[in-house]
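# Coordinate analysis (summary)
The chain contents come next:
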Amino acid sequence: DAGITQSPRYKITETGRQVTLMCHQTWSHSYMFWYRQDLGHGLRLIYYSAAADITDKGEVPDGYVVSRSKTENFPLTLESATRSQTSVYFCASRRDGSGLNTIYFGEGSWLTVV
Amino acid sequence: GQSLEQPSEVTAVEGAIVQINCTYQTSGFYGLSWYQQHDGGAPTFLSYNALDGLEETGRFSSFLSRSDSYGYLLLQELQMKDSASYFCAVRDLDSGYALNFGKGTSLLVTP
């Protein structure tokens with residue numbers, strides 16, 4: 001039972017480079033989310049998706065792009081990385097129907113932009 | 001818009017009881033959740049309240065008062081392994097099917 005996996009787990013990149021964080025879930029959950037976590041800010045929602053080809057902006061979407069061509073994958077792309085995007089990124093998913101407030105997080109991707 | 005307020009830090013002694021409060025302001029309301037996160041780890045689900053009252057799960061309980069826009073997480077018989085961050089989260093009209101999280105409460109359990 002692999003659940004939800006993120007890659008890479010750790011990444012250092014340079015300012016201006018494009019970076020893609022991958023997220024894959026094996027549960028066939030319809031709903032998927034990307035959060036970033038920074039000290040003092042808790043978990044902030046970047047983008048979310050209700051199904052393949054359906055995405056919505058969250059609280060802090062600027063500088064990020066998402067796609068959802070397949071239900072199981074929800075990659076997050078930083079088009080031109082900035083130092084302010086240094087953060088821990090969590091992908092999450094939620095099953096349909098009951099348990100609407102129970103979301104399952106991946107292990108996180110630690111991104112440093114230098 | 002919406003906001004969630006919870007204390008930034010709480011310290012308690014092993015074996016004691018601690019309460020972590022959460023107040024919220026939302027447009028519409030679909031329940032209050034609690035998540036636990038250990039250092040370096042991912043948040044994990046603890047409990048959920050959709051209706052007023054107390055929900056108990058082992059040593060952890062969660063309470064909700066919708067009229068007061070207030071809830072709390074109660075941890076009993078504290079253990080060292082309970083040292084972690086605890087987040088309250090809400091789903092409401094603004095967040096749709098996503099959860100919006102508070103900034104978290106760092107709980108330190110001391111011997």
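Please refer to the structure placed before this passage.
What this report covers is the structure whose coordinates are included nearby. (Residues numbered from 1 in each chain as written. Chains lettered and ligands numbered in written order. Predicted model: local features only at pLDDT ≥ 70, side-chain atom pairs only at ≥ 80, totals over all residues. Heavy atoms only, no water.)

## Concerning the nonpolar core
Definition in use: Definition used in this section: a nonpolar core is a set of buried Ala, Val, Leu, Ile, Met, Phe, Trp, Tyr and Cys residues joined via side-chain atoms within 4.5 Å. Partly exposed describes any residue whose relative accessible area lies between the buried limit of under 20% and the exposed limit of over 50%, with all areas from a 1.4 Å probe on protein chains only and scaled to the type maximum. Secondary structure counts use DSSP, requiring at least four H or I residues in a row for a helix and at least two E residues in a row for a strand, with both numbered from the N terminus. In this analysis, two residues are considered to be in contact whenever any of their non-hydrogen atoms come within 4.5 Å of each other.
In this structure, V18, L32, W34, L75, L78, Y86 and L107 of chain B are the most contacted members of the largest nonpolar core, which totals 21 residues. Of all the secondary-structure elements, those providing two or more residues to this core are β2 (9-13), β3 (18-25), β4 (32-37), β7 (60-65), β8 (70-75), β9 (84-90) and β11 (105-110) of chain B. Leave out the neighbours within four places in its chain, and Y86 of chain B touches Q6, I20, Y35, Q36, L46, F60, L73, L75, G104, T105 and L107 of chain B. Residues Y31, F33 and A50 of chain A together with F87 of chain B belong to the second largest nonpolar core, which totals 20 residues.

## Structural notes on unusual backbone geometry
Residue P8 of chain A is reached from S7 of chain A by a cis peptide bond, and omega for that bond is -10°. The topology assignment puts P8 of chain A in the loop between β1 (4-7) and β2 (10-13). Of note, S28 of chain A is a non-glycine position whose phi angle comes to about 65°, a positive value. Positive phi, normally seen in glycine, also occurs at E77 of chain B, with a value near 45°. Considering the arrangement of structural elements, one finds E77 of chain B in the loop between β8 and β9. Classification of E77 of chain B as exposed rests on a relative accessible area of 54%.

## Topic: the interface of chain A and chain B
Formally: Note: buried area is the sum, over both parts, of the accessible area (probe 1.4 Å) each one loses when the two are combined. We count a salt bridge whenever a side-chain nitrogen from Lys or Arg sits within 4 Å of a carboxyl oxygen from Asp or Glu. Polar contacts, as used here, are pairs of N or O atoms within 3.5 Å; protein pairs need one atom able to donate a hydrogen and one able to accept it. Residues neighboring in sequence count only if both atoms are side-chain atoms.
Between chain A and chain B, the residue contacts involve 23 residues of the former and 22 residues of the latter. Both sides together, the interface formed by chain A and chain B hides about 1,800 Å², and carbon and sulfur atoms give 56% of it. Summed over the shared surface of chain A and chain B, the number is 0 salt bridges. At the junction of chain A with chain B, the criterion picks out 6 residue pairs in polar contact (both at pLDDT 80 or more).

## Concerning the sheet that holds strand β8 (residues 76-78) of chain A
Residue and element names in this part refer to chain A. Short version of the rule: A pair of strands counts as paired when DSSP detects no fewer than two bridges linking them. Here, axes are lines fitted to C-alpha atoms. For helices the fit covers the stretch in contact, and angles between N-to-C directions go from 0 to 180 degrees.
The 4 strands are arranged β1-β3-β8-β7 in an open sheet whose pairing can be described as antiparallel. With partners counted over all chains shown, the strands left at the sheet margins are β1 and β7 (64-66), one partner each. Shown here is a sheet whose adjacent strand axes are inclined to one another by a mean of 15°, direction ignored. Bridging between strand β3 (residues 19-25) and β8 involves 3 bridges; their strand directions are antiparallel. Bridge pairing in β8 places T20 opposite T77.

## Brief notes about the packing of aromatic side chains
Given two aromatic rings, one states the distance between the centres and the angle between the planes to describe the pair. Stated precisely, the cut-off is as follows: Note on aromatic pairs: the rings of Phe, Tyr and Trp (six-membered ring only in Trp) are paired at centre separations within 6.5 Å, and the planes decide the class, stacked below 30 degrees, edge-to-face beyond 60, tilted for the rest. By definition here, charges over rings are those cases where NZ of Lys or CZ of Arg is within 6 Å of the ring centre and within 35 degrees of the ring normal.
One pass over the structure, following the stated rule, counts 21 aromatic pairs over all chains. Above the ring of Y31 of chain A, the side-chain terminus of R94 of chain A is found at 4.0 Å from the ring centroid.

## Topic: the layout of surface pockets
We count it as follows: In this analysis, the protein atoms alone were mapped onto a 1 Å grid. Cavities are point sets where a 1.4 Å probe fits without being able to get out; pockets are open sets with protein on both sides within 12 Å along at least five of seven lines; lining residues have an atom within 4 Å of a point. Grid points are joined across faces, edges and corners, and a volume is the space filled by probe spheres set on the points. All amino acids are sorted into three groups, where Ala, Val, Leu, Ile, Met, Phe, Trp, Tyr, Cys and Pro are nonpolar, Asp, Glu, Lys and Arg are charged, and the leftover types, Gly among them, are polar.
In this structure, the largest pocket occupies an estimated 440 Å³ of space. Along the walls of the largest pocket sit 23 residues, with Q37 and L39 of chain A together with Q37, S85 and F87 of chain B positioned nearest its centre. Among the secondary structure elements, those contributing two or more residues to the lining of the largest pocket are β4 (31-38) and β9 (87-94) of chain A together with β9 and β11 of chain B. Looking at the lining of the largest pocket residue by residue, the class counts come to 6 nonpolar, 14 polar and 3 charged. In this structure, the second largest pocket encloses a volume near 280 Å³. Lining the second largest pocket are 14 residues, and of these E59 of chain A together with L4, F101, G102 and K103 of chain B lie nearest its centre. Where the lining of the second largest pocket is concerned, the elements lending two or more residues are β5 (42-51) of chain A together with β1 (3-5) and β10 (100-101) of chain B. With 3 residues, the single largest contributor to the lining of the second largest pocket is β1 of chain B.

## What about the pattern of salt bridges?
All names here are of chain A. In this structure the tally under the stated criterion is 5 salt bridges over all chains. As a salt-bridge pair, R17 and E14 come within 3.4 Å of each other at their nearest N and O atoms. Taken together, the salt bridges that share partners define one network made up of R36, D38 and R44.

## Observations regarding the pairing of β8 of chain B
Residues and elements named next belong to chain B. Most of β8 sits out of view: 5 of its 6 residues are buried. Alignment of β3 against β8, held across 6 bridges, turns out to be antiparallel. Residue N21 lies in a different strand from β8, and its bridge partner there is Y72. Summarising the sheet, β7 and β8 pair through 6 bridges and their orientation is antiparallel.

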